[in-house]
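Residue-level structural notes
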Amino acid sequence: MIELDTDLLSRQNARELVRNAKKAQAVMATFSQQQIDAIVKNVAQEAAHHAEALAKMAAEETGFGNWQDKVLKNRFASLRVYDAIKDMKTVGIIHDDQQKKVMDVGVPLGVICALVPSTNPTSTVIYKTLIALKAGNAIIFSPHPGARQCSWKAIEIVKRAAEAAGAPAGIVDGITELTLEATSELMHSKEVSLILATGGEGMVRAAYASGTPTISGGPGNGPAFIERSADIHHAVKDIITSKTFDNGVICASEQSIIVERCIYDEVHRELEAQGAYFMNEGEAAKMAALLLRPNGTINPKVVGKTALYLSQMAGFCVPASTRVLIAEQTTVSHTNPYSREKLCPVLGLYVEEDWKAACNRVMELLTNEGLGHTLVIHTRNQDVIRQFCLEKPVNRILINTPAALGGIGATTNISPALTLGCGAVGGGSSSDNVGPMNLLNIRKVGYGVRSIDELRAPGSRVEPQPTIVSQSVDPRRSILDDARFTSPSPAAASASDNRFASATTEQEGEISEQNVERVIRQVLERLGK
């Protein structure tokens, strides 16, 4: 008997998993909504039951974060996600509009390959299993090598729970011969319909390069803007709560703070009162050298570590009560780690003269890294919120909440998810907090409601007229409005220029070719005066 090398054995293992998943999904595709829902419910309950054990395994194996916060993440991934998706219609006719005579039919994608990050190795397995099964798909996991044991345990739990509730064998599984070749085999398999990628930038790029359709998360670099109207005590509390949750490993967490100069002193005092330590120039330089590797990527040795541990690694001492480390900054660049994603309780802090300068700094930070991901604002000013929502290139804008928990939908009513899409601007295919509806094809059904003769003679049907909304009466006032646009200028106030005064007031009868030509001639004549 020929003994296979590890790489060949792992490829064969991956192929077997895909074949089994394909067969299982074909059976699952015949299940009713009630059967699917029963399976999903049992998986959620069983995963929640093991939340603490899985959390302790993950913290011990990876060395990232703390097990207490991982319990909350596991319960969020099971119970909170389940609560959000349990009533979704995903089987058969999921939408039927009798008036417009259109229907939507949910069609499972098939087999999903799921990449699992080491920062959330058990909660990701739980969450992705629930949304995949809810959509009627099979799912095969490729765990991170640094978190294989806890991920395998989570896979075993959800797999057993699904099958106990009636799911076919093979509907949930994971690579056991864990190699890059096995993961590559999964991603390139023609039987895999989608890659659901959460992990490092290199692995996400490999997923897209495989040619298999991919939905991914992306790197975060979320700025937190404290605007002058904010409740400063509450804002600082939210930021520190977020940045210390599981020691900062959630990608939606704040990476820098931007403060208006007029409130800087108060913010500084509040940060120190709540456990922030402001590094001096020498300490900040030592920490910067630790945060990034020579190739410009984040140093895995700092990920998910406490502020005390990080300061010791960098070679300086901080008070025992220190919760986060802060470095005041004035520059943004790819080589400045304080202006990039830091999966640990370290923050850059920028002081700006006013909200306009803060806007520019936010754009600079997001362009440096984190386009499409997350931004958090602490303010009571609705105009500031509205303007940021209209202009900033992110897909999650959070207001007065801890970003790590608000971005995933724990402290907000955004869809609960652990894969946060960054959209096209962030190099991804989806801007959603990914859920079951992202893992379905929607088959459109439409009845004929008009004939070709009606299309050729559009005047024979009464078509709805568009409503023109006047900016002058729009109650949503932009903070960019100023007196130059809202008050008449001297030139505008005079009535000397009447070149356009009557061009559109004459001949208000039916629009015809002759009337249009007459109006054009009138305008041209006045412009020539």
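To be clear, the structure that these remarks concern was listed above.
Residues numbered from 1 in each chain as written. Predicted model: local features only at pLDDT ≥ 70, side-chain atom pairs only at ≥ 80, totals over all residues. Heavy atoms only, no water.

Focus: the overall build of the protein
Across its full length, the protein carries 19 helices and 15 strands. The 529 residues of the protein split such that 50% are buried. Within the protein, contacts between residues separated by at least 24 positions form 72% of all contacts whose residues are at least 6 apart in sequence. Taken as a whole, the protein presents about 25700 Å² of accessible surface, with 53% of it coming from carbon and sulfur. (Helix = DSSP H or I, 4+ residues; strand = E, 2+ residues; numbered from the N terminus. Buried < 20%, exposed > 50% of the residue type's maximum accessible area, 1.4 Å probe, protein only. Contact = heavy atoms within 4.5 Å. Areas by Shrake-Rupley, 256 points an atom, 1.4 Å probe, with all protein chains shown as cover.)

Digging into the packing of helix α1 (residues 6-28) against helix α7 (residues 180-188)
Relative to each other, α1 and α7 sit at 35 degrees, their axes nearing to 8 Å. Handedness of the crossing formed by α1 with α7: right-handed. Contact with α1, carried on its side by Asp7, Ser10, Arg11, Ala14, Arg15 and Val18, involves Glu181, Ala182, Glu185 and Leu186 of α7 and no other residues of that element. Within the contact of α1 with α7, the residues separate by chemical class into four nonpolar, one polar and five charged. (Axes fitted to C-alpha atoms, helices over the stretch in contact; angles between N-to-C directions. Left-handed = near helix turned anticlockwise from the far one by under 90°. Nonpolar A, V, L, I, M, F, W, Y, C, P; charged D, E, K, R; others polar.)

Overview of helix α12 (residues 307-314)
Of all the residues in α12, the buried ones are Ala307, Leu310, Ser311 and Ala314. Down the axis of α12, the buried side of the element spans an arc of 100 degrees, and every buried residue falls inside it. Check the buried side of α12 and you find it contacts α11 (281-291), β11 (324-328) and β12 (346-352). Phi turns positive, to about 95 degrees, at Gly315, one or two residues after α12. (Arc of directions from axis to C-beta.)

Observations concerning the pairing of strand β2 (residues 102-108)
Sheet topology note: the strand β1 (residues 92-97)/β2 ladder contains five bridges and is antiparallel. Looking at β2, one finds that Gly92 is bridged to Gly106. Counting the residues that bridge the hairpin from β1 to β2 gives four residues, and of these Lys101 lies at a positive phi of roughly 60 degrees. Strand direction decides the pairing type here: β2 and strand β15 (residues 440-446), joined by seven bridges, are antiparallel. In the strand pairing of β15, Val105 is matched with Arg443. (Pairing = 2+ DSSP bridges.)

Notes on empty space enclosed by the protein
One simple way to see leftover space: roll a probe sized like a water molecule over the atoms. One pass over the structure, following the stated rule, counts one cavity of 30 Å³ or more. As a volume, the largest cavity reaches approximately 30 Å³. Lining the largest cavity, in full, are Lys70, Lys73, Asn74, Thr119, Asn120, Pro121, Thr122 and Ser123. Top element by residues in the lining of the largest cavity is helix α4 (residues 67-85). It accounts for three residues. Residue composition of the lining of the largest cavity, by class: one nonpolar, five polar and two charged. (1 Å grid on protein atoms, 1.4 Å probe; cavity = no way out; pocket = protein on both sides within 12 Å on 5 of 7 lines; lining within 4 Å. Points joined across faces, edges and corners; volume = space filled by probe spheres on them.)

Focus: the sheet that holds strand β7 (residues 214-216)
With parallel pairing, the five strands of this open sheet are ordered in space as β5-β4-β3-β6-β7. The open sheet has two free edges, formed respectively by β5 (172-174) and β7, since each of these has just one partner strand. Between one strand axis and the next, the sheet turns through 20 degrees on average, direction left out of account. Sheet strands touched by α7: β3 (111-115), β4 (138-142) and β6 (192-197). Its angle to β3, the strand with the most contacts, is close to 145 degrees. Along the sheet face, helix α8 (residues 201-209) touches β3, β6 and β7 and points at about 160 degrees away from the line of β7.

Side note on the packing of helix α2 (residues 33-49) against α4
With their axes 8 Å apart at the nearest point, α2 and α4 run at an angle of 155 degrees to one another. For the element pair α2 / α4, the angle class is roughly antiparallel. The handedness of the crossing between α2 and α4 is left-handed. Contacts from Val40, Lys41, Ala44, Ala47 and Ala48 in α2 reach Arg75, Ser78, Leu79, Tyr82 and Ile85 in α4. Of the residues contributing to the contact of α2 with α4, the split by class is seven nonpolar, one polar and two charged. (Parallel < 35°, antiparallel > 145°, perpendicular 65-115°, else oblique.)

Let's talk about the nonpolar core
Judged by nonpolar contacts, the single largest core of 72 residues is most densely connected at Leu133, Ile171 and Leu439. The residues contacting Leu439, other than those within four sequence positions of it, are Leu109, Ile112, Ile131, Ala132, Ala135, Asn137, Leu194, Leu196 and Ile215. Within the second largest apolar cluster, 24 residues are counted, among which are Ala235, Ile239, Val267 and Ala276. (Core = buried A, V, L, I, M, F, W, Y, C linked by side-chain atoms within 4.5 Å.)

A short note on unusual backbone geometry
Phi is positive for Asp246, which is not a glycine, with a value near 50 degrees. The phi dihedral of Asn247 falls on the positive side, at around 55 degrees, and the residue is not glycine. Tracing the sequence through the fold places Asn247 in the loop between α9 (232-244) and β9 (254-260). The class of Asn247 is buried, set by a relative accessible area of 9%.

Observations concerning the sheet that holds strand β14 (residues 394-399)
The strand order across the open sheet built from seven strands is β10-β11-β12-β9-β8-β13-β14, with neighbouring strands paired in parallel fashion. If you trace the sheet from one side to the other, it starts and ends with β10 (276-278) and β14, each paired once. Averaged over all pairs of adjacent strands, the angle between strand axes in this sheet comes to 25 degrees, irrespective of strand direction. Where β10 lies against β11, three bridges are found, and the strand directions are parallel. The residue bridging Tyr277 from the neighbouring strand is Leu325, located in β11.

Some thoughts on helix α14 (residues 382-391)
Of the residues making up α14, those classed as buried are Val384, Ile385, Gln387 and Phe388. Where the residues of α14 are buried, they touch β8 (222-226), α13 (355-368), β13 (372-378) and β14. One side-chain oxygen of the residue at the start of α14 lies 2.9 Å from the amide nitrogen of Asp383, identifying that residue as Asn381. (Polar contact = N/O pair within 3.5 Å; in protein donor to acceptor, adjacent residues only side chain to side chain.)

So, the pairing of β14
With five bridges joining them, β13 and β14 adopt parallel strand pairing. Residue pairing across strands places Leu375 opposite Ile397, the latter belonging to β14. Handedness of the β-α-β unit built from β13, α14 and β14 comes out right-handed. (Right-handed = clockwise from strand over helix to strand, strands pointing away.)

Focus on the packing of aromatic side chains
With the rule as written, the count across this model stands at two aromatic pairs. Ring geometry for Phe225 versus Phe388: centroids 5.5 Å apart, planes at 20 degrees, classification stacked. With Phe225 in strand β8 and Phe388 in helix α14, this pair connects stretches of sequence that are 163 residues apart. For the ring pair Tyr277 and Phe316, a centre distance of 6.5 Å and an interplane angle of 20 degrees mean the geometry is stacked. Placement of Tyr277 in strand β10 and of Phe316 in the loop between α12 and β11 is noted, with a sequence separation of 39 residues between them. Note on Tyr277: relative accessible area 19%, which makes it buried. Among the residues examined, Phe316 registers a relative accessible area of 8% and is labelled buried. Taking the ring centre of Trp67 as reference, the NZ or CZ of Lys56 above it sits at 4.6 Å. (Phe/Tyr/Trp six-rings, centres within 6.5 Å; stacked < 30°, edge-to-face > 60°. Lys NZ or Arg CZ within 6 Å of the ring centre and 35° of its normal.)

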